[in-house]
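Residue strings, one per chain:
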Amino acid sequence: MFTSVDDVSTRLAETGYLASPAVATTVFLAARLGKPLLVEGPAGVGKTELANAVARACDARLVRLQCYEGVDESRALYEWNHAKQLLRISAGRGETWDEARTDIFGEEFLLPRPLLTAIRGDDPKVLLIDETDKADVEIEGLLLEVLGDFQVTVPELGTVTATRQPFTVLTSNATRELSEALRRRCLFLHIGFPDAELERRIVRLKAPGVDAALAESVVRVVGALRAMDLRKAPSVAETVDWARTLLALGASTLDETVVRDSLGVVLKHQDDIQKAAAKLDLDAL
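The rules we used
- Residues numbered from 1 in each chain as written.
- Predicted model: local features only at pLDDT ≥ 70, side-chain atom pairs only at ≥ 80, totals over all residues.
- Heavy atoms only, no water.
- Salt bridge = Lys/Arg side-chain N within 4 Å of Asp/Glu carboxyl O.
- Helix = DSSP H or I, 4+ residues; strand = E, 2+ residues; numbered from the N terminus.
- Buried < 20%, exposed > 50% of the residue type's maximum accessible area, 1.4 Å probe, protein only.
- Contact = heavy atoms within 4.5 Å.
- Pairing = 2+ DSSP bridges.
- 1 Å grid on protein atoms, 1.4 Å probe; cavity = no way out; pocket = protein on both sides within 12 Å on 5 of 7 lines; lining within 4 Å.
- Points joined across faces, edges and corners; volume = space filled by probe spheres on them.
- Nonpolar A, V, L, I, M, F, W, Y, C, P; charged D, E, K, R; others polar.

Asks: I'm lost on the pattern of salt bridges in this one. Help?
Replies: This structure, assessed with the given rule, holds 17 salt bridges. Between lysine 125 and aspartate 123 there is a salt bridge, with the nearest N and O atoms lying 2.8 Å from each other. Among the charged side chains, a network of salt bridges with common partners joins Glu40, Glu177 and Arg183.

Written as structure tokens, this is what we have:
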């Protein structure tokens, strides 16, 4: 997929994703070693977007499993098209059960879900298992088989083994501790808030029209907000949203009025907004 760490950085940048050296190195190693990549970090720092960027950079199909409480095997792996099976049984009323069973448990009646879809076929794929920590613990047992051997067992059809292994990204916001067995099968990457220089570059890339001075001011103020004891520190996505908001407002600088009127773009809780309004000193930044 990639020839070097620099190749990762260059090709991801071409898709609009500016990767730090640590991110580029870990992506290269995951691709070279054929290991799943477990990415943790706060919401909005680019974990999901990394998988999207890899798919675009490699001209690969993105297959996404969105995890949530209660997601089960039928949503993650596969299920049978029961309505179509019943129609087939009704149409063949003169058949014995053995004759009907051979037919209704075939490919025509199988509904592949993301995990099975990702390991079938020879086309390049990126498998994104998003917000893994939101799924129940039981789903990890299913992931162990898929991520360990990149194969899935369908009792009626046998074992399906990947002929072309997908590049696999699992994301987590660390709301629940993932099992050691799952972690052991993955390379680990923590994406935190970027340093000021990288965040300025991201703002200039994602919000064209923002000049260097305004981008620097936005990043500096966001950095000050992150240093406060807030319920939800602003993410990179919110930094970009704020820069776009300032463009929409026609603001060329950050002053107290502009900041006060637009804090709801970057902070998502009223008590955070009140705390920031009371403590933020623009003259000291």
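Asks: What is the right way to look at the environment of histidine 190 in this model?
Replies: Looking at the secondary structure, you find histidine 190 in strand β9 (residues 187-190). Histidine 190 sits in the partly exposed class, given a relative accessible area of 49%. The contact partners of histidine 190, leaving out residues within four places of it in the chain, are Glu40, Gly41 and Pro42.

Asks: Any chance you could explain the pairing of strand β5 (residues 125-130) here in plain terms?
Replies: Here is the key point about a regular strand: its side chains alternate between the two faces of the sheet. Burial runs high along β5: 6 of the 6 residues are buried. Side chains of β5 alternate between two faces, with Lys125, Leu127 and Ile129 and Val126, Leu128 and Asp130 buried alike. Bridge count for β5 against strand β8 (residues 167-172) is 4 bridges, and the pairing is parallel. Paired with leucine 127 across the strands is threonine 168, a residue of β8.

Asks: Explain the side chain of threonine 171 to me, please; I cannot follow it from the model alone.
Replies: When you line up the elements, threonine 171 lands in strand β8. Here threonine 171 is in contact with Val39, Lys47, Thr48, Leu128, Ile129, Asp130, Glu131, Thr132 and Asp133, once residues within four sequence places are set aside.

Asks: I would appreciate a short explanation of the layout of surface pockets in the present structure.
Replies: Space left empty within the atom packing is revealed by a probe, the size of a water molecule, rolled over the atoms. Approximately 590 Å³ is the volume found for the largest pocket. Lining the largest pocket are 34 residues, and of these Tyr17, Gly44, Val45, Gly46 and Val236 sit closest to its centre. Among the elements of the structure, α2 (21-33), α3 (47-57), β8, β9, α10 (196-206) and α12 (236-249) are those that each provide at least two residues to the lining of the largest pocket. The element that contributes the greatest number of residues to the lining of the largest pocket is α12, accounting for 5 residues. Residue composition of the lining of the largest pocket, by class: 16 nonpolar, 10 polar and 8 charged. Roughly 210 Å³ of internal volume is contained in the second largest pocket. In terms of lining residues, the second largest pocket is bounded by 16 residues, among which Met1, Ala31, Gln165, Pro166 and Phe167 are the most central. Within the residue set of the lining of the second largest pocket, elements represented by two or more residues are α2 and β8.

In short, the description is geometric, and any link to function would need to be established separately.
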